[in-house]
Amino acid sequence: MSTAAPPTLSAGTGSVQPWGMKENNEHPATAGTANPGTGASKTTKASRSKAGSTKAGAATAGDGKPRVPTSGAARPGTGPDRPPAGPPASPPALPDQPLEAIRVSTGADILAVIPHIVGYWPSNAVVCIGMAGPRLRATMRMDLPAAGTVSARRFADTAAHHLAVDGEADGALVAFFDDAEWAGPGDRPHAALFEAMLHAFGRAGIPVHDAWHVGPGHYRHYDCTEADPCGFPGRPNDEILGSRASAELVYRGSTVRDNPFDAVPELVKVADRAFARTVRSLLGPLRRDLLARGTDENQLAVTLAVWERALTHWPTPPDAATAAFLLASLGNVGVRDTVLVQFAQSPEAAFNGADAVRIVHRPSAGPVAPAGWDDVDAAAYAVPRPGQTPDAADLRDMHAGLYTEVVLGGAVDGPPRLAPDWPRLARAQALLLFLACSSGGPDKAPVLCMLGWIQWCKGRGTWAGVYFQAAQRYRPGYRLAELLERLLDAGVIAGWAKHPRTAWRGDPLGEEAA
């Protein structure tokens with residue numbers, strides 16, 4: 001590791017390109033380019049890779065300086081006589097199209113960019129940014145391990161493994177966001193962990209080029225261990241907040257918000273108690289009927305049609321009768337999984353997949369629908385059924401495989417066969433947040449779990465984990481939330497988040513309803 005910031009991050013001016021991309025996004029590599037977006041992973045219970053990881057491709061700078069995204073947030077509209085669609089989304093979105101580059105020239109500029117990528121100011125965490133030449137690649141946040149919970153080498157190997165998933169990365173930057181200041185000479189914070197990371201990242205072919213320590217009020221370069229010229233505890237963090245890069249990011253609409261642990265409870269709290277009471281009063285009979293026969297062929301077709309109508313009409317939120325129906329439908333786990341496939345693909349793909357994995361049953365009774373659902377709605381949003389053709393068996397195998405792949409967030413081994421429809425998932429996320437704000441009981445758990453699943457598919461591990469934990473608070477032992485949280489704890493990254501063709505590029509609605 002160098003003893004001073006390399007030219008791409010210190011003297012002179014560089015470029016920060018506000019362009020949202022996913023992990024390993026591949027674009028023509030040009031000197032002095034970067035194209036970050038979002039994505040992440042988690043590792044072990046003791047050291048989880050957290051939210052706000054940023055995935056990179058390329059844009060053009062021509063001056064050897066890394067680039068990072070800007071973002072903004074917008075609140076969806078609401079229809080007449082409807083309750084509000086919930087609190088503003090958080091953290092901010094990353095736009096899908098390139099904007100004018102932002103110039104960077106100091107370490108403070110680079111540190112200022114991190115909270116805008118992550119969406120909040122990290123705390124008690126280490127942030128690792130992969131680089132390919134002067135381009136920023138994947139960004140990963142991990143909790144600093146508590147003493148005695150995991151060895152420094154294991155933690156470092158885990159971090160290096162995840163960052164090296166990007167085959168184009170050939171270096172790394174590291175920033176420790178600590179709860180304590182750097183006290184003085186001879187007291188290098190997290191020295192053993194840092195040394196382990198230097199060795200692990202070197203072995204992985206992504207040597208650490210630069211590192212910083214950021215305390216509650218001061219920051220300093222990790223190689224500046226003496227009082228001169230850096231001083232102790234270091235440079236004031238006001239330099240980060242007041243840096244040119246920070247000012248320009250804020251000017252362009254990027255916002256640093258609360259961390260997920262504070263933000264999620266606000267995002268999903270009941271927004272309109274009167275509306276929530278009406279929804280609750282309608283849930284009883286619907287919950288019973290849809291749990292018992294939710295995957296009957298005729299009922300599943302109607303349920304997917306109701307979901308599709310709500311999704312198509314967003315940001316006009318559903319009325320109380322429809323909201324109650326949607327919440328009740330998720331009590332059937334087969335329906336819940338099929339709706340996830342519908343969000344990511346289409347109602348036809350979801351129904352065909354559910355039929356192929358044999359969770360669709362013969363009708364036992366007529367279907368139920370929300371009050372106000374009429375023949376016009378039924379015809380407009382009818383779900384095409386699979387037909388009998390000579391190649392039906394082969395098609396069934398294909399539909400079954402794709403259904404399973406979607407529920408698992410992409411292929412487990414190798415590149416995914418298909419990309420999710422991210423604009424549909426963005427609308428679904430906003431709709432789910434509205435439903436979460438419309439219920440205060442156990443019916444909230446599937447919605448929270450589905451919100452976490454979307455975050456996991458994006459690669460936003462921290463946000464996903466917070467949603468999974470919230471789901472289990474509303475319904476202890478909720479199986480899917482438990483399973484997905486275990487995957488996060490094991491460091492499993494959704495397949496979509498690992499491949500450039502399928503990874504999330506930012507929310508097209510102009511918000512990130514994390």
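Residues numbered from 1 in each chain as written. Predicted model: local features only at pLDDT ≥ 70, side-chain atom pairs only at ≥ 80, totals over all residues. Heavy atoms only, no water.

Some remarks on the nonpolar core
Link 1 in the chain: Within the largest apolar cluster, 98 residues are counted, with the highest numbers of intra-cluster contacts made by Trp307, Phe343, Leu432, Leu435 and Trp453.
Link 2 in the chain: In this view, Leu435 contacts Trp307, Ala323, Leu326, Leu327 and Val447; residues no more than four positions away in its chain are not counted.
Link 3 in the chain: In terms of nonpolar packing, the next biggest core, distinct from the first, is built from 26 residues, Met142, Ala159, Leu163 and Phe194 among them. (Core = buried A, V, L, I, M, F, W, Y, C linked by side-chain atoms within 4.5 Å. Buried < 20%, exposed > 50% of the residue type's maximum accessible area, 1.4 Å probe, protein only. Contact = heavy atoms within 4.5 Å.)

Digging into the confidence of the model for the chain
Link 1 in the chain: Averaged over every residue, the pLDDT of the chain is 78; residues scoring 70 or more account for 76%.
Link 2 in the chain: Between the elements of the chain, mean pLDDT differs from a low of 31, seen in strand E1 (residues 14-16), to a high of 98, seen in helix H11 (residues 333-344). (pLDDT = per-residue confidence, 0-100. Helix = DSSP H or I, 4+ residues; strand = E, 2+ residues; numbered from the N terminus.)

Quick word on the packing of helix H8 (residues 273-293) against helix H10 (residues 320-329)
Link 1 in the chain: Between H8 and H10, the shortest axis-to-axis distance is 8 Å and the interhelical angle comes to 45 degrees. Taken as axis vectors, H8 and H10 run oblique relative to one another. As H8 packs across H10, the resulting crossing turns out to be right-handed. Between H8 and H10, the residues in contact are Phe275, Thr278, Val279, Leu282, Leu283, Leu286, Arg287 and Leu290 and Ala320, Ala321, Ala323, Ala324, Phe325, Leu327, Ala328 and Ser329, respectively.
Link 2 in the chain: Tallied by class, the residues present in the contact of H8 with H10 amount to 13 nonpolar, 2 polar and 1 charged. (Axes fitted to C-alpha atoms, helices over the stretch in contact; angles between N-to-C directions. Parallel < 35°, antiparallel > 145°, perpendicular 65-115°, else oblique. Left-handed = near helix turned anticlockwise from the far one by under 90°. Nonpolar A, V, L, I, M, F, W, Y, C, P; charged D, E, K, R; others polar.)

Quick look at the packing of aromatic side chains
Link 1 in the chain: Enumeration over the complete set of coordinates arrives at 12 aromatic pairs.
Link 2 in the chain: For the pair Trp121 and Phe177, a centre-to-centre distance of 5.7 Å together with 85 degrees between the ring planes defines the contact as edge-to-face. Of the two residues, Trp121 is situated in the loop between helix H1 (107-118) and strand E4 (125-132) and Phe177 in strand E6 (residues 171-177); the sequence distance between them amounts to 56 residues.
Link 3 in the chain: Residue class for Trp121 comes out partly exposed when judged on its relative accessible area of 30%.
Link 4 in the chain: Among the residues examined, Phe177 registers a relative accessible area of 1% and is labelled buried.
Link 5 in the chain: Between the aromatic rings of Phe194 and Tyr222, the centroid separation amounts to 4.3 Å while the plane-to-plane angle is 40 degrees, which identifies the pairing as tilted. Taken together, the positions of Phe194 in helix H3 (residues 191-203) and Tyr222 in the loop between strand E8 (218-221) and helix H4 (227-230) put the pair 28 residues apart, joining distant regions of the chain. (Phe/Tyr/Trp six-rings, centres within 6.5 Å; stacked < 30°, edge-to-face > 60°.)

Focus on unusual backbone geometry
Link 1 in the chain: Omega for the peptide link from Trp314 to Pro315 comes to 20 degrees, which places this bond in the cis form.
Link 2 in the chain: Examined against the element boundaries, Pro315 turns out to sit in the loop between helix H9 (297-313) and H10.
Link 3 in the chain: Although it is not a glycine, Asn124 sits at a positive phi angle of roughly 50 degrees.
Link 4 in the chain: Looking at the secondary structure, you find Asn124 in the loop between H1 and E4.
Link 5 in the chain: Classification of Asn124 as partly exposed rests on a relative accessible area of 31%.
Link 6 in the chain: In this structure, Arg358 is a non-glycine residue whose phi angle is positive, near 65 degrees.
Link 7 in the chain: Note on placement: Arg358 falls in the loop between helix H12 (347-356) and helix H13 (375-380).
Link 8 in the chain: Look at Arg358 and you get exposed, because its relative accessible area is 60%.

Some details on H3
Link 1 in the chain: Taking 1.5 Å per residue, 13 residues should reach 18 Å; H3 reaches 19 Å between its end C-alpha atoms and fits that length.
Link 2 in the chain: Within H3, the full set of buried residues consists of Leu193, Phe194, Ala196, Met197, Ala200 and Phe201. Here the buried residues of H3 occupy an arc of 160 degrees about the axis, which is enough to place them on one side. More than 90 degrees from the buried face of H3, the exposed residues found are Ala192, His199 and Arg203.
Link 3 in the chain: Looking at the buried side of H3, the elements it contacts are E4, helix H2 (152-163), E6 and strand E7 (208-214).
Link 4 in the chain: The first or second residue beyond H3 is Gly205, which carries a positive phi of 85 degrees. (Expected span 1.5 Å × (residues − 1). Arc of directions from axis to C-beta.)

Re the pairing of strand E5 (residues 135-143)
Link 1 in the chain: With 8 of its 9 residues buried, E5 lies for the most part within the structure.
Link 2 in the chain: Connecting E4 to the next strand, E5, in antiparallel fashion are 2 residues, including Gly133 with a positive phi near 65 degrees. (Pairing = 2+ DSSP bridges.)

Points about the pattern of salt bridges
Link 1 in the chain: In this structure the tally under the stated criterion is 15 salt bridges.
Link 2 in the chain: The salt bridge partner of Arg153 is Asp157, with a shortest N-O separation of 3.7 Å. Of this pair, Arg153 and Asp157 both sit in helix H2, 4 residues apart, which is roughly one turn of that helix.
Link 3 in the chain: On the basis of relative accessible area, Asp157 is assigned to the partly exposed category, the value being 30%.
Link 4 in the chain: For Arg288, the salt bridge identified is with Asp289, shortest N-O distance 3.7 Å.
Link 5 in the chain: Given the relative accessible area of 55%, Arg288 is considered exposed. (Salt bridge = Lys/Arg side-chain N within 4 Å of Asp/Glu carboxyl O.)

Details of H9
Link 1 in the chain: Its 17 residues place the ends of H9 25 Å apart at the C-alpha level, agreeing with the 24 Å of an ideal helix rising 1.5 Å per residue.
Link 2 in the chain: Across the 17 residues of H9, 13 count as buried, placing the element largely inside the fold.

Description of the pairing of E7
Link 1 in the chain: Counting buried positions along E7 yields 6 of 7 residues, so the element is predominantly enclosed.
Link 2 in the chain: The handedness of the E6 to E7 crossover, carried by H3, is right-handed.
Link 3 in the chain: The pairing of E7 with E8 spans 3 bridges and is antiparallel. Paired with His213 across the bridge in E8 is Arg220.
Link 4 in the chain: Counting the residues that bridge the hairpin from E7 to E8 gives 3 residues. (Right-handed = clockwise from strand over helix to strand, strands pointing away.)

Looking at the environment of Leu448
Link 1 in the chain: Relative to the helices and strands, Leu448 resides in helix H16 (residues 444-458).
Link 2 in the chain: Taking C-alpha positions, Leu448 is 9.4 Å from Leu435, a pair spaced 13 residues apart along the chain.
Link 3 in the chain: Discounting residues that sit within four places of it in the chain, Leu448 has contacts with Val268, Ala436, Tyr467, Ala470, Ala471 and Tyr474.

Quick word on the packing of H2 against H3
Link 1 in the chain: One way to put it is that H2 packs onto H3 with a least axis distance of 8 Å and a crossing angle of 40 degrees. For the element pair H2 / H3, the angle class is oblique. As for how H2 packs across H3, the hand of that crossing is right-handed. On H3, the residues touching Ala152, Arg153, Phe155, Ala156, Asp157, Ala159, Ala160 and Leu163 of H2 are Ala192, Leu193, Ala196, Met197, Ala200, Phe201 and Arg203.
Link 2 in the chain: Classifying every residue of the contact of H2 with H3 by side-chain character gives 12 nonpolar, no polar and 3 charged.

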